[in-house]
Amino acid sequence: MDTRFPFVDWFRNASPYINAHRGRTFVILMEGEAIASQRGEQLIQDLALLHSLGVRLVVVFGIRPQVQAALQKAGVAPRLVAGRWVADSAVMAQVEQVASHQRLWLEARLSLGLPSTPLHGVDLSVISGNLVTAKPLGVREGVDFDRSGEVRRVRAGAIEGLLEKGSVVLLPPLGFSSTGEVFDLDAADVAHHAAVALNADKLILLGESEGLANEQGALLRQLSPDEAEPRLAAAEQGGELARHLQAACSAAREGVARTHLLCWRNHDALLGELFTRDGVGTMITEHRYEQLRPATLSDIAGLLDLLEPLERRGMLVARSRERLEHEIDDYLVIERDGMVIGCAALHVFAQADIAELACVAVHTSYQGGERGERLVQAIEQRAHRLGVGAIFVLTTHTAHWFAERGFASASIDDLPLLKRETYNQARKSKVLIKALA
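Since the structure is predicted, the reported quantities are computational estimates derived from the model, not experimental observations.

The rules we used
- Residues numbered from 1 in each chain as written.
- Predicted model: local features only at pLDDT ≥ 70, side-chain atom pairs only at ≥ 80, totals over all residues.
- Heavy atoms only, no water.
- Helix = DSSP H or I, 4+ residues; strand = E, 2+ residues; numbered from the N terminus.
- Buried < 20%, exposed > 50% of the residue type's maximum accessible area, 1.4 Å probe, protein only.
- Contact = heavy atoms within 4.5 Å.
- Areas by Shrake-Rupley, 256 points an atom, 1.4 Å probe, with all protein chains shown as cover.
- Lys, Arg positive; Asp, Glu negative; His and termini not counted.
- Charge placed at Lys NZ, Arg CZ, Asp CG, Glu CD.
- Pairing = 2+ DSSP bridges.
- Axes fitted to C-alpha atoms, helices over the stretch in contact; angles between N-to-C directions.
- Expected span 1.5 Å × (residues − 1).
- Salt bridge = Lys/Arg side-chain N within 4 Å of Asp/Glu carboxyl O.
- Patch = residues over 30% accessible without salt bridge, like charges linked within 9 Å, V, L, I, M, F, W, Y side chains within 5 Å.
- Core = buried A, V, L, I, M, F, W, Y, C linked by side-chain atoms within 4.5 Å.
- Polar contact = N/O pair within 3.5 Å; in protein donor to acceptor, adjacent residues only side chain to side chain.
- Phe/Tyr/Trp six-rings, centres within 6.5 Å; stacked < 30°, edge-to-face > 60°.
- Parallel < 35°, antiparallel > 145°, perpendicular 65-115°, else oblique.
- Nonpolar A, V, L, I, M, F, W, Y, C, P; charged D, E, K, R; others polar.
- Arc of directions from axis to C-beta.

Engineer: So, the overall build of the protein: which residues are in play, and what are the values?
Structural biologist: Looking only at helices and strands, the protein has 15 helices and 23 strands in total. The principal-axis extent of the C-alpha atoms belonging to the protein is close to 90 × 60 × 35 Å. Residues counted as buried form 48% of the 437 residues belonging to the protein. Counted over contacts in the protein with a minimum sequence separation of 6, partners at least 24 positions apart contribute 71%. Just so you have it, the protein exposes about 21,400 Å², and 50% of that area is on carbon and sulfur atoms. Looking at charge distribution, the protein has the averaged site of its 46 positive side-chain charges lying 2 Å from that of its 55 negative ones.

Engineer: Give a description of the sheet that holds strand β20 (residues 354-362) that names residues and reports values.
Structural biologist: The sheet built from seven strands is open, its strands ordered β17-β18-β19-β20-β21-β23-β22 with mixed pairing. For this open sheet the edge positions go to β17 (290-294) and β22 (408-410), each flanked by a neighbour on one side alone. The mean angle between the axes of side-by-side strands here comes to 30°, regardless of whether they run parallel or antiparallel. Most of the contacts of helix α11 (residues 300-312) go to strand β19 (residues 339-348), to which it runs at about 85°, and overall it touches β18 (331-336), β19 and β20.

Engineer: Give a description of unusual backbone geometry that names residues and reports values.
Structural biologist: Phi is positive for C359, close to 55°, though the residue is something other than glycine. Within the secondary structure, C359 is located in strand β20. Positive phi, close to 55°, is recorded for K428, a residue that is not glycine. Residue class for K428 comes out exposed when judged on its relative accessible area of 62%.

Engineer: Talk me through helix α3 (residues 39-52); I want residue IDs and the actual numbers.
Structural biologist: When the terminal C-alpha atoms of α3 are compared, their 20 Å separation across 14 residues agrees well with the 20 Å that a helix rising 1.5 Å per residue should span. Along α3, the positions that sit buried rather than exposed are R39, G40, L43, I44, D46, L47, A48, L50 and H51. G54 occupies a position one or two residues after α3 and carries a positive phi of about 95°.

Engineer: Lay out the pattern of salt bridges in plain terms, naming residues and giving numbers.
Structural biologist: Summed over the entire model, instances satisfying the criterion amount to 21 salt bridges. When the shortest N-O distance is used, the salt bridge between E356 and K419 registers 3.1 Å. Taken as a pair, E356 in strand β20 and K419 in helix α15 (residues 417-421) lie far apart in primary sequence, 63 residues in all. Taken individually, E356 and K419 each receive the classification buried, so the pair is uniform in this respect. Each member of the salt-bridge network shares a partner with another, and the members are E31, D186 and R243.

Engineer: Could you give an account of a nonpolar patch on the surface, with specific residues and numbers?
Structural biologist: On the surface, a cluster of nonpolar side chains totalling about 390 Å² of accessible area is made up of F7, V8, W10 and F11. Note on placement: V8 falls in helix α1 (residues 6-21).

Engineer: Please provide a residue-by-residue account of the nonpolar core, values included.
Structural biologist: Formed by 45 residues in total, the largest nonpolar core has its most connected members in I28, L50, L57, I204, L206, L270 and F275. Per element, the largest residue contribution to this core is seven residues, and it comes from helix α5 (residues 89-111). When near neighbours in sequence (up to four residues on either side) are disregarded, L206 contacts I28, L29, M30, E31, L43, H244, L262 and W264. By size, the runner-up hydrophobic cluster in this structure holds 43 residues, among which are V132, V154, L162 and A187.

Engineer: So what's going on with a negative patch on the surface? Which residues, and what values?
Structural biologist: Among the surface-exposed residues, D88, D144, D146 and E181 lie close enough to one another that they form a single negatively charged patch. By the element assignment, D146 lies in the loop between β8 (143-144) and β9 (149-154).

Engineer: How would you summarise the sheet that holds strand β5 (residues 125-127) if you had to cite specific residues and measurements?
Structural biologist: Sheet strands line up and pair through hydrogen bonds in the backbone, either parallel or antiparallel. Across the sheet, eight strands lie side by side as β5-β10-β2-β1-β13-β15-β16-β14; this open sheet has mixed pairing. The two strands at the open ends of the sheet, each matched to only one other strand, are β5 and β14 (222-223). Alignment of strand β2 (residues 56-61) against strand β10 (residues 167-171), held across three bridges, turns out to be parallel. Looking across to β10, one finds that V58 is bridged to V169. Sitting on the sheet, helix α9 (residues 240-253) is in contact with β1 (25-30), β13 (202-207), β15 (258-263) and β16 (282-284), with an inclination near 175° to β13.

Engineer: So what's going on with the environment of H397? Which residues, and what values?
Structural biologist: Along the chain, H397 turns up in the loop between β21 (390-395) and α14 (399-403). Overall, H397 belongs to the partly exposed group, its relative accessible area being 48%. Considered as a pair, H397 and L316 are 81 residues apart in the sequence and their alpha carbons are 9.2 Å apart. Excluding residues within four positions of it along the chain, H397 makes contact with R313, G314 and M315. Among the polar contacts made by the side chain of H397, one reaches the side chain of T396 at a distance of 2.6 Å.

Engineer: Please give an account of the packing of aromatic side chains that cites residues and values.
Structural biologist: One pass over the full model with this rule turns up three aromatic pairs. What links up through ring pairs into an aromatic cluster is the set W401, F402 and F407.

Engineer: I'd like to hear about the packing of helix α7 (residues 187-197) against α9, residue by residue, with values.
Structural biologist: Axis separation between α7 and α9 bottoms out at 9 Å; the angle between their running directions is 10°. Classified by the angle between their axes, α7 and α9 sit roughly parallel to one another. Between α7, through A188, H192 and V196, and α9, the contact on the second element is made entirely by R243, H244, A247, S250 and A251. Considered class by class, the residues forming the contact of α7 with α9 number four nonpolar, three polar and one charged.

Engineer: I'd love a proper account of the side chain of D46, names of residues and values included.
Structural biologist: Among the structural elements, D46 can be located in helix α3. With a relative accessible area of 5%, D46 lands in the buried category.

Engineer: Describe in detail helix α6 (residues 156-164), supporting the description with residues and values.
Structural biologist: Where α6 is concerned, the buried positions are A156, I159, L162 and L163. For α6, the buried positions fall inside an angular range of 125° around the axis, keeping them on one side. Turned more than 90 degrees away from the buried face of α6 sit G157 and E164, all of them exposed. Buried positions along α6 lie against β1, β2, β5, β9, β10 and α7.

Given below as structure tokens:
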């Protein structure tokens with residue numbers, strides 16, 4: 001009996017990411033709302049799993065809802081200016097108490113190792129301390145923010161030493177000054193500065209939002225900081241989305257390879273983002289997660305994997321490894337996180353004013369978008385730069401698709417001599433031609 005377990009396939013597909021993340025430094029922000037909810041326990045288990053897989057973890061935690069509840073209970077009404085508390089002595093008394101309680105709770109949960117729990121057998125050393133120095137916000141637009149502060153410096157060397165010893169580093173939204181004062185900090189700002197100071201591989205911000213969406217409500221998987229910043233201007237000042245976007249965009253510009261906006265309400269958000277190719281949230285990065293570029297010899301294996309199913313179905317003519325190696329300079333590929341998911345080639349004929357658009361292919365998991373059109377447009381641009389007056393395509397399955405993109409039906413006699421001589425009569429491919437302006 002063939003018993004299949006979906007988890008096994010997922011685990012196999014996750015293996016490249018397990019290897020890629022081992023030894024990497026991730027800074028992860030858990031907002032207070034996540035900790036206060038039932039998701040807090042699950043997130044801690046996910047953190048323990050990441051640690052067991054060799055990820056170096058710096059965890060920043062927020063305390064805003066817990067402090068608000070404590071202030072209300074104490075009868076203290078804080079003054080809010082541009083989304084920040086004016087942290088006077090009454091407010092700071094509650095901030096310090098809540099931060100200490102929250103840190104102890106997190107350390108206790110990360111130490112849990114009973115046989116009946118997911119953390120059984122996981123040996124975690126959790127360290128916190130005076131690892132962030134701060135300075136006061138001071139007086140801004142006539143408002144004295146008292147002990148509300150901003151990050152002055154993250155002690156990257158000390159944190160690196162702790163990470164090298166296998167510890168998980170815990171950072172509260174507090175900073176310490178050289179005069180011995182304690183300042184209330186924005187947790188997202190702490191996470192941003194920690195990620196930059198440590199040259200972290202990822203900054204992950206767990207908040208209320210699922211990520212960023214377009215006008216139709218569809219999730220945007222990847223944006224550059226320039227593309228994300230208009231949304232920052234539209235976000236509520238001092239609100240969580242504004243704080244997270246500011247941290248993500250700044251970190252991306254300052255060298256953090258990838259920043260991620262995830263929703264803590266999604267049970268699978270953290271692991272789904274890290275161990276699947278497409279993820280579940282929005283990534284903000286200066287580096288293109290998906291790019292269209294000229295092919296190189298290192299893409300041969302990916303091209304063979306992409307083309308083989310289409311060749312088996314008769315949609316493409318079979319191409320050997322040797323042929324691909326010989327013609328590799330003719331190809332463009334779309335690469336997504338290290339995987340070739342699309343390709344197209346331009347074969348130019350000597351002494352002919354026409355070239356062949358060939359081998360247009362997009363992986364089945366990524367069809368339905370605009371990738372095929374992007375490939376054809378890029379090939380047309382390459383042909384135009386080479387001074388080619390027209391391009392033709394031979395197809396058995398997709399004549400209608402090419403016709404929608406300006407290709408017109410033609411005959412074998414319209415092909416270059418060499419192509420006419422090698423035309424496969426058995427396939428009966430349709431000929432379509434497009435003149436280039």
